[in-house]
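Inside the fold
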Amino acid sequence: MRKNIKKFAGIVLCIGMFTGCAQTPDSSLVKPKGSKAVDAYTEADDVSGSKGEASESKNDDGSESKITIRNLIDAPQNYKSHVEDDSAKLVVNTDASVEIPEVEKISAISVTAAEVTQELLDRITNAFFSEAKLYTIDSYYVKTKDEIKKTLDELKEDVANGNLDPYNYGTDDDGNYVYDIYEDIETWEQEYETAPEKKTLTEAKPVAGNYNYFNCVAQMPDDSQYYYIISFDGSDTLSVKIKKAANKGGEKIPEDAMWRDYGYSEEEEKLTEESIGLSLDEAKKLVKEKVEKMGITDLQFSNWNYAVCKSFEGDNSSGNFGNGYRIDYARTINGVPVTQTIADGGALEDMDSTMETWSYESLCFYVDKDGIESMTYSNPYTIGKIKTENLNLLSFSEVMKIYEKMMVVTNADNMQYENSRVYNIDRIVLGYARIYEPSTDAHTGILIPVWDFFGSMTSESEYNGETESNTSKDPNESFLTINAVDGSIIDRNLGY
């Protein structure tokens, strides 16, 4: 393609959102849903009746044995059940491992948005680009008069030869060309008038507090290039995104090529360490070294998945630009990890809302045989005081009753439009989630224990007389989140 036309490739993901006030068997409608909920939390009693102290028992040899959360809530290692709605169109199959931290208590802990300091930005910049030149995006990609003239000459030659669709965009439903070559020529002629004779590169550096958006290109000594974007806007108190734009030697990577978790398409070839050309241990080591250079000491490796880099335009066979790993880091506090999901946690209840929101903390890397290809780091937390030392948790059986009821309740609307929906839940996880009250304080919240339910979902529906099937099996998609203290349903997208 002779001219880099900006394309807007859209992907619509149909994700059913759980309502923040969905009713549980204990009537969660009347329970506080955000950070105020902690006011109703109570300290748990140990076996001897003392509040807030770890319980102990005796092993067979007479030594002391700590009673863990799993013992206290009477949770098994695995759980099986089968639930259907009245129509039998909704089926929830559960054959899941039950993952519970090996701790004796779980606390409710206050959390705030961390201050974004110049020191932090410098550490991130130096960790990735200590040997690079950083240039403003505008100065790096500006077109000179000679470059624009070359494009114009080629487009006009296409017109003279009767080739009005040089990029093969095709036609719309009315038979008109999607790409208007005459309009494009007019646009380039206007840009030619103000274009510079030659490029003047402007160096850049992220400065804390100077702006809401920083966007530059990092030019490496081996001629590889990276987009380096920092923003403090919307639901993000800090968002750092780094993405490779060109490989070693300057070979460009298509702008619409993006990394994502492996497994969305049944046609995808199974990935292995051999096909990637890099072992998982090697990838984890690369990431660990980078995290240490960034000085992020309060997050640890949490999970991984195979990943692919693909263009969202064209067929997948010609649009694969890399195979590798997704590696995530998360926070663990007193032995209890923050459970990661695909939700950002800073969504608005409706599009007309002007409320300030706050997304979850996250740190994610994509790595292939050439190294770290992409990194995102968002919304770092500052951990505050313990609000409740030893929370009184619902028993496992109580949680399962809520889960089995609410999987039906929260899917009731979906079943009005679908022929069938089948969940296969294979992981049940107890961990921390941050909840908050955005209408009161958008950047202060509470870490509380929650239950998340992971697996896959397949649905079928009718459209224009044809049956369509949809499968969702992202390993980090939680299909339901239950507050482990009061049983209320938490909307992972909203963050409360």
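Residues numbered from 1 in each chain as written. Predicted model: local features only at pLDDT ≥ 70, side-chain atom pairs only at ≥ 80, totals over all residues. Heavy atoms only, no water.

Looking only at helices and strands, one finds eight helices and 21 strands in the protein chain. Carbon and sulfur atoms form 46% of the exposed surface of the protein chain, whose accessible area is close to 25800 Å². (Helix = DSSP H or I, 4+ residues; strand = E, 2+ residues; numbered from the N terminus. Areas by Shrake-Rupley, 256 points an atom, 1.4 Å probe, with all protein chains shown as cover.)

Moving on: the pattern of salt bridges. Side-chain pairing between opposite charges can occur once the charged atoms of the two side chains come close. Applying the stated criterion across every chain yields a total of 16 salt bridges. For R326, the salt bridge identified is with D328, shortest N-O distance 2.9 Å. The network of salt bridges with common partners includes D261, R326 and D328. (Salt bridge = Lys/Arg side-chain N within 4 Å of Asp/Glu carboxyl O.)

Once that is clear, we can look at the confidence of the model for the protein chain. Residues at a pLDDT of 70 or more form 85% of the protein chain, whose mean pLDDT is 87. A low-confidence stretch, residues 314-318 stays under pLDDT 50, and its non-local contacts, those more than four residues away or across chains, total one contact. (pLDDT = per-residue confidence, 0-100. Contact = heavy atoms within 4.5 Å.)

Turning to the packing of aromatic side chains, a few remarks are in order. Within a pair of aromatic rings, the relevant descriptors are the distance that separates the centres and the angle that separates the planes. Counted by the stated rule, this structure contains 23 aromatic pairs. Residues Y167 and Y179 carry aromatic rings whose centres are separated by 5.2 Å and whose planes lie at 65° to one another, so their mutual orientation is edge-to-face. Note that Y167 is positioned in the loop between helix 4 (145-160) and helix 5 (181-194) and Y179 in the loop between helix 4 and helix 5, a separation of 12 residues in sequence. Both residues of the pair, Y167 and Y179, count as buried. Each ring, one from W358 and one from Y381, has its centre 5.6 Å from the other, and the planes form 75°; the classification is edge-to-face. (Phe/Tyr/Trp six-rings, centres within 6.5 Å; stacked < 30°, edge-to-face > 60°. Buried < 20%, exposed > 50% of the residue type's maximum accessible area, 1.4 Å probe, protein only.)

Before going further, it helps to examine the pairing of strand 4 (residues 90-99). Here strand 3 (residues 78-84) runs beside strand 4; their pairing, made up of seven bridges, is antiparallel. Looking across to strand 4, one finds that N78 is bridged to S97. As paired elements, strand 4 and strand 18 (residues 420-436) share eight bridges and run parallel to each other. Bridge assignment links N93 to a residue of strand 18, and that residue is N424. (Pairing = 2+ DSSP bridges.)

Looking now at the nonpolar core. Buried together is how nonpolar side chains tend to be arranged in soluble globular proteins. Ranked by internal contacts, the top residues of the largest apolar core, which has 58 residues, are Y403, I425, I428, W451, F453 and I482. Among the elements of the structure, helix 1 (69-73), strand 3, strand 4, strand 5 (108-113), helix 8 (396-409), strand 18, strand 19 (444-463) and strand 21 (478-483) are those that each provide at least two residues to this core. With eight residues, the single largest contributor to this core is strand 18. For I482, the contacting residues outside a window of four places in its chain are V399, I402, Y403, V450, W451, F453, G487, S488 and I489. Judged by nonpolar contacts, the second largest core, of 42 residues, contains V287, V291, Y325 and Y329. (Core = buried A, V, L, I, M, F, W, Y, C linked by side-chain atoms within 4.5 Å.)

This part is about helix 7 (residues 280-294). In a regular helix each residue adds 1.5 Å, so 15 residues correspond to 21 Å; helix 7 covers 21 Å between its end C-alpha atoms and thus fits that length. When helix 7 is considered as a whole, its buried residues turn out to be L280, A283, V287, K290, V291 and M294. The arc enclosing the buried residues of helix 7, seen along the axis, measures out at 100°, which places them on a common side. Away from its buried face by more than 90 degrees, helix 7 exposes D281, K285, E292 and K293. Here the buried face of helix 7 lies against helix 2 (118-129), helix 6 (273-276), strand 11 (300-311), strand 12 (320-330), strand 15 (362-368) and strand 16 (371-378). Once helix 7 ends, the next one or two residues include G295, with phi positive near 75°. (Expected span 1.5 Å × (residues − 1). Arc of directions from axis to C-beta.)

Strand order in the open sheet formed by nine strands is 6-7-8-9-16-15-12-11-10, and the pairing between neighbours is antiparallel. The open sheet has two free edges, formed respectively by strand 6 (133-136) and strand 10 (257-261), since each of these has just one partner strand. Direction aside, neighbouring strands of the sheet carry axes that sit 25° apart on average. Bridge analysis of strand 10 against strand 11 gives five bridges, and the strand direction is antiparallel. Its bridge partner lying in strand 11, M258 is registered against K310. Seen against the sheet, helix 2 touches strand 6, strand 7 (213-219), strand 8 (225-231), strand 9 (239-246), strand 15 and strand 16 and runs at an angle of roughly 170° to strand 8. Helix-sheet contacts for helix 7 involve strand 11, strand 12, strand 15 and strand 16, and the interaxial angle to strand 15 is about 135°. (Axes fitted to C-alpha atoms, helices over the stretch in contact; angles between N-to-C directions.)

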